[in-house]
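Structural overview for review
If you want the building blocks of each chain, they are given just below.
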Amino acid sequence: MVEWTDFERDTIQKLFANMNYEDVGPAALARCLVVYPWTQRYFGNFGNLYNAVAIATNPKIAQHGITILHGLDRAVKNMDNIKETYAELSMLHSEKLHVDPDNFKLLSDCLTIVLASRLGKAFTGDVQAAFQKFLGVVVSSLGRQYH
Ligand code: HNI
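For the structure given in this document, a descriptive report is provided here. (Residues numbered from 1 in each chain as written. Predicted model: local features only at pLDDT ≥ 70, side-chain atom pairs only at ≥ 80, totals over all residues. Heavy atoms only, no water.)

A few words now on helix H6 (residues 87–96). Owing to its 3.6 residues per turn, the α-helix aligns residues three or four sequence positions apart on the same side. Every buried residue of H6 is accounted for by Leu89, Ser90, His93 and Ser94. Down the axis, H6 shows its buried residues gathered within 125° of arc, on one side only. Exposed and facing more than 90 degrees away from the buried side of H6 are Glu88 and Lys96. Contact partners of the buried residues in H6: helix H4 (59–77), helix H7 (102–119) and helix H8 (125–142). (Buried < 20%, exposed > 50% of the residue type's maximum accessible area, 1.4 Å probe, protein only. Helix = DSSP H or I, 4+ residues; strand = E, 2+ residues; numbered from the N terminus. Arc of directions from axis to C-beta. Contact = heavy atoms within 4.5 Å.)

Structure below.
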């Protein structure tokens, strides 16, 4: 069971309340596919992923980036119950999509970098610490149904 300080809770709620999902989600997923090209293998039916520009302008990737952020929303709304909240999504990624769980961490790092670029000075060490802790719980919960 994860303990959250008031600052951490408040920071996570505010970060997501003020986040532009249409910007951050697509940018984070596109970055993940560019920086870690082996992650492209799961998106074989998403059309053109030929280079960084193709990935950044691929509407299916953009849409899926937004879907992922809405997936994170569930954890934001259930910060005390993230493990159970993601039981089904973890099963889906494991048994149906066969996504290697190491990739969750890679995507979460890209999300951090994109958010840092958008927030600039407001992305202080304390804010990053809260965000990384939150993403760490998400990553571990998404990986729980793997065996
Ligand atoms: Ni992920 C589908 C959430 C990481 C590959 N993913 C989803 C869906 C959600 C979601 C929500 C839609 C489920 C449904 O249709 O019921 N994914 C998340 C979250 C993370 C994550 C919250 C981590 C932060 N997914 C990843 C990673 C990969 C990934 C790292 C691969 C590298 N996900 C997929 C694929 C699908 C998917 C592939 C199916 C897409 C489709 O539409 O065919």
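Another point: the site of the ligand. In the region of the ligand, 18 residues are neighbours, and Tyr42, His64, His93, Leu97 and Asn103 sit closest. One nitrogen or oxygen atom from the side chain of histidine 64 is found 3.3 Å from a nitrogen atom belonging to the ligand. One nitrogen or oxygen atom from the side chain of histidine 93 is found 3.0 Å from a nitrogen atom belonging to the ligand. According to the grid-proximity analysis, the pocket containing the ligand is the largest pocket. With five residues, H4 is the single largest residue contributor to the shell around the ligand. (Near = heavy atom within 4 Å. Polar contact = N/O pair within 3.5 Å; in protein donor to acceptor, adjacent residues only side chain to side chain. 1 Å grid on protein atoms, 1.4 Å probe; cavity = no way out; pocket = protein on both sides within 12 Å on 5 of 7 lines; lining within 4 Å. Sits in = over half its atoms within 2 Å of the grid points.)

It is worth spelling out the coordination of the nickel atom of the ligand at this point. One donor from the polypeptide reaches the nickel atom of the ligand: His93 (NE2), at 2.2 Å. As for its placement among the helices and strands, histidine 93 is situated in helix H6. (Donors = N, O, S within 2.8 Å, 3.2 Å for Na, K, Ca; no water.)

A few words now on the packing of helix H1 (residues 6–17) against H8. In the contact formed by H1 and H8, the axes pass within 9 Å of each other and the chain directions differ by 85°. Compared by their axis directions, H1 and H8 come out roughly perpendicular. Seen from H1, the contacting residues are Phe7, Glu8, Thr11, Ile12, Leu15 and Phe16; seen from H8, they are Asp126, Val127, Ala130, Phe131, Lys133 and Phe134. Grouping the amino acids of the contact of H1 with H8 by side-chain chemistry returns eight nonpolar, one polar and three charged. (Axes fitted to C-alpha atoms, helices over the stretch in contact; angles between N-to-C directions. Parallel < 35°, antiparallel > 145°, perpendicular 65-115°, else oblique. Nonpolar A, V, L, I, M, F, W, Y, C, P; charged D, E, K, R; others polar.)

This brings us to the state of the cysteines. A complete count under the given rule lists zero disulfides for this structure. Cysteine cysteine 32 shares no disulfide, and the gap to the nearest cysteine sulfur, in cysteine 110, comes to 4.7 Å. Look at cysteine 110 and you get buried, because its relative accessible area is 3%. (Disulfide = S-S within 2.5 Å.)

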